[in-house]
Amino acid sequence: MIRLAIQKSGRLSEGSLELLNDCGISVSNGIGRLMTQASNFPMEVLFLRDDDIPQYVQDGVADIGILGQNVVVEKERSIDEVLALGFSRCRLSLAIPKNENYNGPRWFEGKNIATSYPVILQQFLDANKVKASIHEISGSVEIAPGIGLAEGICDIVSSGSTLFSNGLKEVEVIFRSEAVLVANSSLSAEKKALLDKLTFRINAVRQSRNNKYVLLNAPDDKLQDIISILPGVKSPTIVPLAMKGWSSVHSVISEDKFWEIIDKLRDAGAQGILILPIEKMIV
Ligand code: PRT
Ligand code: ZN
């Protein structure tokens, strides 16, 4: 049995449960509950505040956890970061009132900065040899300049609309974050084996999310050009069509190069292009 800690309710909850579900691990969500058991994997799931997860994992109350990298680094607990998970992407940034002239990190010299991330902020200030006072607050950081609590802030930014609506502008990105899987650093052999099983499944899910299956028809005289455009896992599968002189080509394209490759395929003479989602992908 392995015990996983995830956020009870917040920005990481849905992504964490969806990932487990895509890994074939069924967990009922934690409304009103602290712990539940997966029905088809030897796993218990603990529902916690994200800030508490590093401590629980360090102490071994939970074996593994899913949380933002920003919290992992900020809490400075000795836990292992196992795998980046690709969701809840955000950045930790410095922001100042939009009418201020920003001249680089020295702008913050001698100023007050409000944040919930004093550790990461201090690292940035030290690296830039800036002396500023950090005013630690736990929420609504973005209102601090407006009420005269601080001259600047250091907070999580995603779309930037919170900064904008509070009359602030982002001037430095000091940390980029996404959800990560963390683990206690001295897991038993049995738990390590379960963690390996889980990371294998997570990798298969992440691969499938990042790739699409492509089927297309190509005249045989254009086949070589078309094959050279397709990256594929190894090489594309070519199947002759009933119509003489034509073949069907099957391959896998990564999401980030998708439209670029489709355009090239059409220009090269591909027809009847079908794009299918991939359920799981083991490479
Ligand atoms: O109750 P609990 O302590 O568990 O949750 P929490 O309130 O501390 O955390 P939560 O659910 O807000 O965020 C959990 C994690 O999601 C964070 O630690 C980040 O890793 C990640 N994440 C991703 C974000 C955002 N995007 C985000 N936009 N965390 C917070 N925000 C907030 C930010 O603080 C600011 O107030 O959203 C606002 C900015 O958003 P934009 O889109 O307006 O820029
Ligand atoms: Zn929190």
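Look up: the structure comes first, before these words.
Just so we're clear, the structure is a prediction, and the values are computed from it rather than from any experiment. (Residues numbered from 1 in each chain as written. Chains lettered and ligands numbered in written order. Predicted model: local features only at pLDDT ≥ 70, side-chain atom pairs only at ≥ 80, totals over all residues. Heavy atoms only, no water.)

Chemist: Describe the pattern of salt bridges, listing the residues and the values that go with them.
Modeler: The tally for this structure, following the rule as stated, stands at 10 salt bridges. Put simply, Asp22 and Arg209 hold a salt bridge, and the shortest N to O gap is 2.8 Å. You can see Asp22 sitting in helix H1 (residues 13-22) and its partner Arg209 sitting in helix H6 (residues 189-209), a full 187 residues away along the chain. Relative accessible area serves as the criterion here: at 25%, Asp22 is assigned to the partly exposed category. Relative accessible area serves as the criterion here: at 30%, Arg209 is assigned to the partly exposed category. In this structure, the salt-bridge partner of Glu178 is Arg89, at a minimum N-O distance of 3.2 Å. On the criterion of sequence distance, the pair formed by Glu178 in the loop between strand S10 (168-177) and strand S11 (179-183) and Arg89 in the loop between strand S5 (80-84) and strand S6 (90-97) is long-range, its members being 89 residues apart. (Salt bridge = Lys/Arg side-chain N within 4 Å of Asp/Glu carboxyl O. Helix = DSSP H or I, 4+ residues; strand = E, 2+ residues; numbered from the N terminus. Buried < 20%, exposed > 50% of the residue type's maximum accessible area, 1.4 Å probe, protein only.)

Chemist: So what's going on with H6? Which residues, and what values?
Modeler: Between the first and last C-alpha of H6 there are 30 Å, a value that for 21 residues agrees with the 30 Å anticipated at 1.5 Å per step. Here H6 has its buried residues at Leu194, Leu195, Leu198, Thr199, Ile202, Ala204, Val205 and Ser208. (Expected span 1.5 Å × (residues − 1).)

Chemist: Kindly report on the coordination of the zinc ion (ligand 2), identifying the contributing residues and their values.
Modeler: In the first shell of the zinc ion (ligand 2), the protein supplies Asp50 (OD) and Asp51 (OD), at 2.0 to 2.1 Å from the metal. Coordination at the zinc ion (ligand 2) is irregular, judged from the 4 donor atoms that bind it and the angles of 76 to 169 degrees they form at the metal. With relative accessibility at 27%, the residue Asp51 sits in the partly exposed group. (Donors = N, O, S within 2.8 Å, 3.2 Å for Na, K, Ca; no water. Tetrahedral: all angles 85-135°; square planar, octahedral: opposite > 155°, others 65-115°.)

Chemist: Hey, could you go over the site of ligand 1 for me, with residue numbers and the actual values?
Modeler: Taken together, 20 residues surround ligand 1, and among them Asp51, Asn70, Ser159, Gly160 and Thr162 come closest. Between ligand 1 and the protein, one listed contact pairs an oxygen atom with a side-chain N or O atom of Gln7 at 2.8 Å. For ligand 1, an oxygen atom lies 2.8 Å from a polar atom in the backbone of Ser158. In this structure, ligand 1 is accommodated by the largest pocket. Elements supplying a minimum of two residues to the shell around ligand 1: helix H3 (69-75), strand S9 (152-157) and helix H5 (161-165). For the shell around ligand 1, the element with the highest residue contribution is S9, accounting for 3 residues. Of the residues assigned to the shell around ligand 1, the class counts are 5 nonpolar, 10 polar and 5 charged. There are two domains that each give the shell around ligand 1 at least three residues, and those are domain 1 (2-87 + 178-208) and domain 2 (90-177). (Near = heavy atom within 4 Å. Polar contact = N/O pair within 3.5 Å; in protein donor to acceptor, adjacent residues only side chain to side chain. 1 Å grid on protein atoms, 1.4 Å probe; cavity = no way out; pocket = protein on both sides within 12 Å on 5 of 7 lines; lining within 4 Å. Sits in = over half its atoms within 2 Å of the grid points. Nonpolar A, V, L, I, M, F, W, Y, C, P; charged D, E, K, R; others polar. Domains from an automatic or database assignment.)

Chemist: Quick one: what's the story with the pairing of strand S3 (residues 43-48), residue by residue and with numbers?
Modeler: In terms of residue burial, S3 counts as a mostly covered element, since 6 of its 6 residues are buried. By the alternation rule, side chains of S3 split into Met43, Val45 and Phe47 and Glu44, Leu46 and Leu48, which are all buried. Relative to S3, strand S2 (residues 35-37) is paired through 3 bridges, and the arrangement is antiparallel. The residue of S3 that forms the bridge with Gln37 is Glu44. Between the antiparallel neighbours S2 and S3 lie 5 residues. (Pairing = 2+ DSSP bridges.)

Chemist: Describe the layout of surface pockets, with residues and values.
Modeler: When its volume is computed, the largest pocket comes out at roughly 1200 Å³. Lining the largest pocket are 40 residues, with Arg11, Asn70, Tyr117, Asp155 and Ile156 sitting closest to its centre. Put simply, the parts of the chain that give the lining of the largest pocket at least two residues each are H3, S9 and H5. A per-class count over the lining of the largest pocket returns 13 nonpolar, 16 polar and 11 charged. Among the domains, domain 1 (2-87 + 178-208) and domain 2 (90-177) are the pair contributing at least three residues each to the lining of the largest pocket. (Points joined across faces, edges and corners; volume = space filled by probe spheres on them.)

Chemist: Break down the sheet that holds strand S4 (residues 64-68) for me, citing the residues and quoting the values.
Modeler: What the 6 strands build is an open sheet, ordered S2-S3-S1-S4-S11-S5; its pairing is mixed. The two strands at the open ends of the sheet, each matched to only one other strand, are S2 and S5. Shown here is a sheet whose adjacent strand axes are inclined to one another by a mean of 25 degrees, direction ignored. Here S4 pairs with S11 via 5 bridges, running antiparallel. Opposite Ile64, over in S11, you have Ala183 as the bridge partner. Strands strand S1 (2-7), S3 and S4 of the sheet are contacted by H1, whose axis makes an angle of about 145 degrees with S1. Where H6 meets the sheet, it contacts S1, S3, S4, S5 and S11, and its direction lies at approximately 25 degrees from that of S5. (Axes fitted to C-alpha atoms, helices over the stretch in contact; angles between N-to-C directions. Contact = heavy atoms within 4.5 Å.)

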